[in-house]
Amino acid sequence: MNLRAVKGMKDILPDEISKWHRLENTFRHRVEGYGFREARFPIVEPTALFVRSIGETTDIVEKEMYTFTDRGDKSLTLRPEGTASSVRAFVQHSVQAREPVTKWYYIGPMYRRERPAKGRYRQFYQAGIEVFGDPGPFVDAEVIDMVVGLISSLGITEVEVLVNSIGGPEAREHYREALLAYLGPYRAELCADCQRRVDANPLRVLDCKVPRCAEIAADAPSILKHLTDEDRAHFDGLQETLTILGTPYRVDGSLVRGLDYYTRTLFEVLGKGEALGAQNALLGGGRYDQMVKSFGGPDTPAIGFAMGLERLLMAMPEGEPDSHVDVFIVAAQAGVRGEATLLGRELRDAGLRVESDLRGGSLKSQLRRADKINARIAMILGESEVEEGVVQLKDLQEQTQDKIPRAEAAQRVRALLSK
RNA sequence: GUGGGUGUAGCUCAGUGGUAGAGCACUGGAUUGUGGCUCCGGGUGUCGCGGGUUCAAUUCCCGUCACUCACCCCA
């Protein structure tokens with residue numbers, strides 16, 4: 001077979017879907033408990049949306065986007081993340097005019113053309129939330145506390161919560177100057193990428209992993225020293241609230257994150273299980289108070305996060321094997337298959353999940369099938385049962401069997417299932 | 001983008017210079033219409049692809065592609 005899923009993109013088959021459902025349902029339930037409502041956005045957006053929000057000099061925009069020209073000569077891009085679309089939609093629909101605070105969540109595929117690795121795919125799934133209109137810091141703390149609760153209700157116990165503040169535009173500008181002054185003398189020692197970054201976006205130099213650059217970055221001034229009083233008060237307020245909530249966290253001044261749109265609060269949750277390999281960032285987020293305005297909307301503060309579903313899945317414990325079938329109907333003779341099909345419809349109409357093997361086959365093989373797919377009950381129908389208007393109700397778990405009137409079949413099954 | 005590993009049955013993997021095996025899965029049976037456990041039986045492979053060496057290559061060599069892991073980046 002020479003037609004395969006494209007590199008870095010995976011099929012999810014039914015055998016693994018129940019874990020996905022468990023994850024998605026837990027996420028939905030949790031965030032809906034905080035008043036978030038689902039929104040769905042296009043997977044394809046104008047390229048400029050991401051360039052302007054994520055930042056021209058970020059890795060995502062520089063080398064990871066799936067960008068193409070459509071037949072109308074427009075440059076389009078498969079979304080690499082969800083926040084840009086959320087903001088675009090928020091501004092496009094003037095959502096701020098309908099409510100003071102907007103809380104949205106989304107789940108869906110994202111695309112980045114990176115080299116695939118464990119827990120990193122070119123099409124991957126993210127679930128995320130955005131809050132528009134609340135400047136914080138209480139909402140920042142509540143969001144962080146919410147994700148901690150979410151992670152824990154997924155059965156993931158070993159995590160670390162990192163928080164940091166990179167200040168607002170004013171602090172960023174002061175810091176930029178301080179950083180440039182510091183980096184100036186070292187300029188020639190930096191790697192080629194960083195020499196370019198000094199001009200384009202000096203903060204990115206702090207992120208570089210080239211040994212010499214990392215050494216230089218290690219002694220660079222800290223942005224925490226350049227926060228304005230307001231930024232500082234915001235960050236203090238966040239930490240105080242986390243303390244009141246009893247949410248564990250650690251301040252990490254080196255947490256910068258790869259997207260340029262962040263302001264003030266940044267946070268990240270790291271998984272610790274070895275199942276994750278090197279891709280241990282389960283979820284990340286932060287505040288982006290300038291983005292709505294920069295897209296032409298009103299000055300609206302915002303905060304959000306996104307989590308990587310594949311990574312969460314790897315960190316989650318395996319669940320109980322479940323069954324997708326309540327009743328398996330067995331036709332004892334080939335001649336009653338029509339009657340068995342009718343019985344199946346009767347039970348389904350009563351709300352039960354019913355399977356059968358309409359190909360027929362031996363009684364033994366049909367029962368084996370019922371056992372294999374983990375059906376709780378087998379219902380056997382043969383010539384004599386049809387004649388008498390009854391069915392054999394076999395409880396595969398309790399190993400019991402009763403002959404019951406066919407009319408009572410659905411109700412008897414319900415009684416057994418609810419036991 | 002850089003480095004490493006691996007490609008043999010549907011899956012997980014053994015193995016050999018003379019074209020190949022196990023377990024699981026699937027399937028039939030163990031006396032009449034009763035699953036799981038046990039026992040007996042059954043099918044399945046362009047041994048990733050291309051080239052080279054050789055009388056002979058799945059095995060050795062080279063290339064290539066794919067997958068995978070790490071670096072990096074991130075979710």
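What counts, and where the lines are drawn
Residues numbered from 1 in each chain as written. Chains lettered and ligands numbered in written order. Predicted model: local features only at pLDDT ≥ 70, side-chain atom pairs only at ≥ 80, totals over all residues. Heavy atoms only, no water. Helix = DSSP H or I, 4+ residues; strand = E, 2+ residues; numbered from the N terminus. Rg over C-alpha atoms; globule rule 2.2 N^0.38 Å. Buried < 20%, exposed > 50% of the residue type's maximum accessible area, 1.4 Å probe, protein only. Contact = heavy atoms within 4.5 Å. Areas by Shrake-Rupley, 256 points an atom, 1.4 Å probe, with all protein chains shown as cover. Lys, Arg positive; Asp, Glu negative; His and termini not counted. Charge placed at Lys NZ, Arg CZ, Asp CG, Glu CD. Axes fitted to C-alpha atoms, helices over the stretch in contact; angles between N-to-C directions. Parallel < 35°, antiparallel > 145°, perpendicular 65-115°, else oblique. Salt bridge = Lys/Arg side-chain N within 4 Å of Asp/Glu carboxyl O. Pairing = 2+ DSSP bridges. Phe/Tyr/Trp six-rings, centres within 6.5 Å; stacked < 30°, edge-to-face > 60°.

Enquirer: So what exactly am I meant to see when it comes to the overall build of chain A here?
Expert: Looking only at helices and strands, one finds 15 helices and 16 strands in chain A. By the compact-globule yardstick of 22 Å for 419 residues, chain A is too spread out, its C-alpha radius of gyration being 28 Å. C-alpha extents for chain A along the principal axes are approximately 95 × 55 × 45 Å. For chain A, the proportion of its 419 residues judged to be buried stands at 49%. The long-range share in chain A, meaning contacts at least 24 apart out of those at least 6 apart in sequence, stands at 69%. When the accessible surface of chain A is summed, it comes to about 21,200 Å², and 49% of that surface belongs to carbon and sulfur atoms. Of the side-chain charges in chain A, 56 are positive and 62 negative, and the distance between the mean point of each set is 5 Å.

Enquirer: How should I be thinking about the packing of helix α2 (residues 47–54) against helix α4 (residues 83–92) in this particular structure?
Expert: Relative orientation and spacing of two packed helices are given, respectively, by the angle between their axes and the distance between those axes. Orientation of α2 relative to α4, taken along the N-to-C sense of each, is 105°, at an axis distance of 9 Å. Classified by the angle their axes make, α2 and α4 are roughly perpendicular. For the pair α2 and α4, the contacting residues are Leu49, Phe50 and Ser53 in the first and Ala84, Ser85 and Arg88 in the second.

Enquirer: Looking at this model, I keep getting lost on the pattern of salt bridges. Mind explaining?
Expert: Charged atoms that come close allow side chains of opposite charge to pair. Scanning all chains against the criterion turns up 19 salt bridges. Several salt bridges share partner residues, and in doing so they unite Arg28, Glu38 and Arg40 into one network.

Enquirer: Could you clarify how one ought to interpret the sheet that holds strand β2 (residues 44–46) in this entry?
Expert: In a beta sheet, neighbouring strands pair by backbone hydrogen bonds and run either parallel or antiparallel. Within the open sheet, the 3 strands sit side by side as β2-β4-β3. Their pairing is antiparallel. Two strands bound the open sheet, and with one partner strand each, they are β2 and β3 (66–69). Strand-to-strand twist of the sheet, defined as the mean angle between neighbouring strand axes without regard to direction, takes the value 35°. Bridge analysis of β2 against strand β4 (residues 75–78) gives 3 bridges, and the strand direction is antiparallel. Bridge pairing in β4 links valine 44 to leucine 78. Its contacts with the sheet place α2 against β2, β3 and β4, and it is angled at close to 75° to β2.

Enquirer: So what exactly am I meant to see when it comes to the packing of aromatic side chains here?
Expert: Centre-to-centre distance and the angle between the planes together describe a pair of aromatic rings. For the coordinates displayed, the defined rule picks out 10 aromatic pairs. Relative to tyrosine 125, the ring of tryptophan 20 lies with its centre 5.3 Å away and its plane at 75°, an arrangement referred to as edge-to-face. Taken together, the residues tryptophan 20 in helix α1 (residues 14–32) and tyrosine 125 in strand β6 (residues 123–132) connect sequence positions 105 residues apart. Assessed through its relative accessible area of 7%, tryptophan 20 is described here as buried. With a centroid separation of 5.7 Å and an interplanar angle of 65°, the aromatic rings of tyrosine 261 and tyrosine 288 are classed as edge-to-face. Residue tyrosine 261 is found in the loop between β8 (250–251) and β9 (263–271), and its partner tyrosine 288 is found in the loop between β10 (281–287) and α10 (291–294); the two are separated by 27 residues along the sequence. Of the two residues, tyrosine 261 and tyrosine 288, neither departs from the other in class, the shared state being buried.

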